[in-house]
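Each chain is listed here by its residues.
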Amino acid sequence: MIRSGISFWKHCSAFGKRVIVIAFILAFIASSAMVKLAYIQLLDGKTTAEAATASRTTKQVLQAERGTITDTNGIVLAQSVERYTIIGNPKFAATFKPTTCTKKTASNCHSIDGKPVGVTGPAAVARLLAPVLGMDALQLGALLTGTNQYVVIKKNVVPSVKRSIDALNLSGIVSAELSSERTYPNGTLMGSLLGGVDTDDNGVSGIEKMENASLTGTDGYQIYQQGANGQQIPGTETESKAAVNGATVKLSTDRDVQWYVEKALKEGQEKYKAKWAIAVVQRVSDAKILALAGTDQVEAGSAEAKMNPSLAVTETFEPGSVGKIISLAGMLQEGTHKITDEFSVPYSIDVDGQQYHDSESHGTKQWTLAGILQNSSNVGMVMAGDQYTTAQRYEYLTKFGIGQPSGMGLSGESQGLLSSSENWDRRTRNTVLFGQGYATNALQITNAVATIANKGVKQQQSIIDSVTSADGTVTKPKTSSTQVVSSTVSSEVLNAMESVAENYKSVAAVDGYRVAAKTGTAEVAGSNGGLTSIVADWVGVLPADNPQFVVTVVMKDPQGTYGGLTAGPVFANIGEFLMQKYEVPTSTPRKDAIPVDW
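Each chain carries its own residue numbering, running from 1 in the written order of its sequence. Given that the model is predicted, a residue must reach a pLDDT of at least 70 before its local features are reported, and side-chain atom pairs must reach 80 or more before they are shown or counted; all residues, however, enter totals for whole chains, interfaces and linings. The basis for every side-chain value is the complete set of non-hydrogen atoms in the structure, without hydrogens or water.

A. Molecular detail of the overall build of the protein chain. A run of H or I in DSSP becomes a helix once it reaches four residues, and a run of E becomes a strand once it reaches two; helices and strands are each numbered from the N terminus. Looking only at helices and strands, the protein chain has 22 helices and 25 strands in total. The rule is simple: take the accessible area with a 1.4 Å probe, protein chains only, and divide by the maximum for that residue type; under 20% is buried, over 50% is exposed, in between is partly exposed. Within the protein chain, the proportion of its 598 residues that are buried is 47%. Long-range contacts, defined as pairs at least 24 residues apart, comprise 72% of the intrachain contacts of the protein chain with a sequence gap of at least 6. For the protein chain, the exposed area adds up to about 28600 Å²; of that, 52% sits on carbon and sulfur atoms. Throughout, a residue-residue contact means that at least one pair of heavy atoms, one from each residue, lies within 4.5 Å. Only the protein chains shown count as cover for residues, with accessible areas throughout obtained via the Shrake-Rupley method and a probe of 1.4 Å.

B. Structural context of the state of the cysteines. Defined by distance alone, a disulfide is two cysteine sulfur atoms within 2.5 Å. The full count for this structure, using the stated rule, is one disulfide. Between the sulfur atoms of C101 and its disulfide partner C109 the distance amounts to 2.0 Å. When the S-S torsion is 90°, as for the bridge of C101 with C109, the disulfide is right-handed.

C. Inspection of the pattern of salt bridges at higher detail. Within this document, salt bridges are pairs made up of a side-chain nitrogen of Lys or Arg and a carboxyl oxygen of Asp or Glu, the two lying within 4 Å of each other. The full count for this structure, using the stated rule, is 16 salt bridges. With a closest N to O distance of 4.0 Å, R255 and D256 form a salt bridge. Residues E395 and K399 are paired through a salt bridge, measuring 3.0 Å at the closest nitrogen-oxygen approach. Placement of the pair is E395 and K399 together in helix α17 (residues 390–399), with a separation of four residues, close to one helical turn. Judged by its relative accessible area of 29%, E395 falls in the partly exposed class. The exposure class of K399 is partly exposed, given its relative accessible area of 36%. In the salt-bridge network here, residues are joined through shared partners; they are E498, E502, R514, R590 and D592.

D. A look at the pairing of strand β25 (residues 549–556). Of all eight residues making up β25, eight are buried, and the element is well covered by its neighbours. Residues F549, V551, V553 and M555 point to one face of β25 and V550, T552, V554 and K556 to the other, with burial holding for every one of them. What makes two strands pair is DSSP finding at least two bridges between them. Sheet topology places strand β24 (residues 533–542) next to β25; eight bridges connect them, and they run antiparallel. When the sheet's bridge partners are listed, G540 is paired in β25 with V551.

E. Structural detail: the packing of aromatic side chains. In this analysis, rings of Phe, Tyr and Trp, with Trp reduced to its six-membered ring, are considered paired at centre separations within 6.5 Å, and the interplanar angle assigns stacked below 30 degrees, edge-to-face beyond 60, and tilted for intermediate values. This model, assessed by the stated rule, comprises eight aromatic pairs. Of the aromatic side chains, those joined through ring pairs into one cluster are W259, Y260 and F577. Geometrically, a lysine NZ or arginine CZ counts as sitting over a ring once it is within 6 Å of the ring centre and also within 35 degrees of the ring normal. Above the face of the Y84 ring, K162 is positioned so that its terminal group lies 5.2 Å from the ring centre.

F. Focus on the pairing of strand β20 (residues 464–468). Of all five residues in β20, four are buried; the element is thus mostly enclosed. Where β20 lies against strand β21 (residues 474–475), two bridges are found, and the strand directions are antiparallel. Directly across from T468, in β21, lies its bridge partner V474.

G. Representation of the sheet that holds β24. Overall, antiparallel pairing links the five strands, which are arranged β12-β11-β25-β24-β23 in an open sheet. Two strands close off the open sheet at either side, each with one partner strand: β12 (289–294) and β23 (516–524). Here the strands of the sheet are splayed against their neighbours by 10° on average, with no regard to which way each runs. The pairing of strand β11 (residues 276–283) with β25 spans eight bridges and is classified as antiparallel. Bridge pairing links A279 to V553 in β25. The strands touched by helix α20 (residues 487–502) are β23 and β24; relative to β23, the strand with the most contacts, the crossing angle is about 70°. Note on method: axes are straight lines fitted to C-alpha atoms, helices fitted across the in-contact stretch only, with angles between N-to-C directions ranging 0 to 180 degrees. Its contacts with the sheet place helix α22 (residues 563–581) against β11, β23, β24 and β25, and it is angled at close to 35° to β24.

H. Representation of the environment of R163 in the model. When you line up the elements, R163 lands in helix α7 (residues 159–166). For the pair R163 and A176, spaced 13 residues apart in sequence, the C-alpha to C-alpha distance is 9.9 Å.

I. Looking closely at the side chain of N430. Along the chain, N430 falls in helix α18 (residues 428–431). Each residue touching N430, except ones within four places of it in the same chain, is listed here: V351, Y356, V382 and R393.

Below, the structure written as structure tokens:
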């Protein structure tokens with residue numbers, strides 16, 4: 001056989017030999033291909049198939065929605081609304097050829113006002129897309145020109161526009177990524193207090209920051225296979241996890257009350273030419289904040305709201321004579337004096353080489369301890385503090401929350417300043433009796449008076465009513481309470497405060513309701529660093545005979561100076577609104593007034 005083959009080869013022509021070689025090579029290639037095909041199909045088919053599937057598989061993030069912030073009645077104060085980012089694929093746009101509309105292609109064709117598009121490529125895509133997005137077709141065409149596969153065309157597109165884009169039959173060339181936009185329907189209402197979010201939807205100030213953990217959801221995902229143009233292949237989803245939206249945070253604030261308080265403050269600021277004004281409305285029964293407002297009105301979510309916390313939580317001040325309430329309560333609780341004790345009070349007094357005087361000149365007055373509070377006598381408070389030790393003075397200031405964090409966690413909140421009694425000099429140990437020598441904020445002084453209105457029980461303040469997670473679980477803030485003074489002591493102090501309010505019936509009365517209040521005026525540092533500015537404040541309990549609310553109003557440099565004549569009328573304005581809104585029964589006549597003089 002071999003010899004015959006060799007003989008055949010020797011007798012073949014050169015052309016024949018070439019044909020035989022070529023045939024042999026082709027046969028070898030064919031057999032090699034068959035072997036490779038068999039290997040792929042029989043031995044390596046699974047790996048190849050997996051590689052092909054992997055190349056088509058994509059993971060899409062399902063974005064969680066940030067939670068909503070509402071007022072106590074469920075009215076939306078901040079919410080995230082559905083928006084889309086429109087994405088273009090220039091590489092696919094380059095080969096785009098519009099499909100002419102016929103009966104057969106009606107569901108997947110392209111036209112403009114019933115007429116053919118007229119061009120191909122990016123220009124065609126732009127002609128179809130530009131009118132829907134309200135963009136210039138030439139600029140859009142330029143944006144879609146190139147070899148990359150991802151370009152942002154427009155952000156914050158509303159759902160209705162996204163649906164119109166879907167109807168253009170540009171799948172794979174134009175797509176939409178779900179996003180969201182944080183909106184604040186009430187504009188400047190609670191602007192600085194609500195704060196805002198950054199570009200990643202994280203709270204950076206105000207309630208948005210304080211409750212960021214609750215408001216932030218958890219993104220989900222979806223894994224599926226996509227076609228050549230990037231479209232999802234139906235039925236290829238292999239794995240998914242639903243997004244979990246952020247919780248709904250319900251505040252204790254009432255939008256209507258907040259609106260009215262902001263309005264009253266603005267009017268008061270203009271009337272008395274004050275630099276600023278702030279106010280707090282707190283419910284006595286549970287220490288919930290119904291309104292927390294300032295005249296620093298800015299748009300919620302704005303750059304200014306993100307950078308500047310609310311004045312109502314950042315401003316600190318000497319409370320002035322409002323601080324006498326705490327001193328009086330401490331003296332009565334420690335038994336150093338009774339509310340009916342009698343004092344002969346001169347205009348000025350010298351103690352340890354330090355002179356103290358009242359705000360207005362007067363002869364020696366025969367006042368009870370209740371009368372000292374009614375007439376806001378600094379001298380009387382120093383005299384009444386003869387057995388009230390320095391340690392006790394500091395103890396009751398701290399017990400009432402002065403210089404202590406409120407525990408509310410509000411962004412930018414200052415805890416004020418109360419130095420240790422060991423650091424008080426001869427003057428400070430007495431000035432603290434009448435509200436000077438330490439700094440507080442509006443929330444602290446409000447809760448101190450609310451403690452008196454609540455039978456001596458100090459409660460944890462809160463501006464959060466509840467947090468409801470996506471699965472419906474409701475969480476309430478932790479509450480705590482401490483008996484600071486007895487109910488008897490609080491009743492006597494409240495009685496004396498009602499006598500204070502009666503002195504201001506002509507300017508700060510709430511018709512039909514008894515009021516217990518204390519006014520304060522304190523010198524504070526001005527722009528030059530000296531004591532050239534005034535803080536005037538008023539803290540009142542409504543109604544005095546059935547305490548429901550405590551309202552604090554603080555004004556900086558008002559014309560009229562004294563808190564009773566400036567902050568007092570603003571308090572009365574707010575008080576009238578509260579009594580009407582909550583339909584509080586009118587007061588019974590006062591018959592138990594503690595004597596104020598002798």
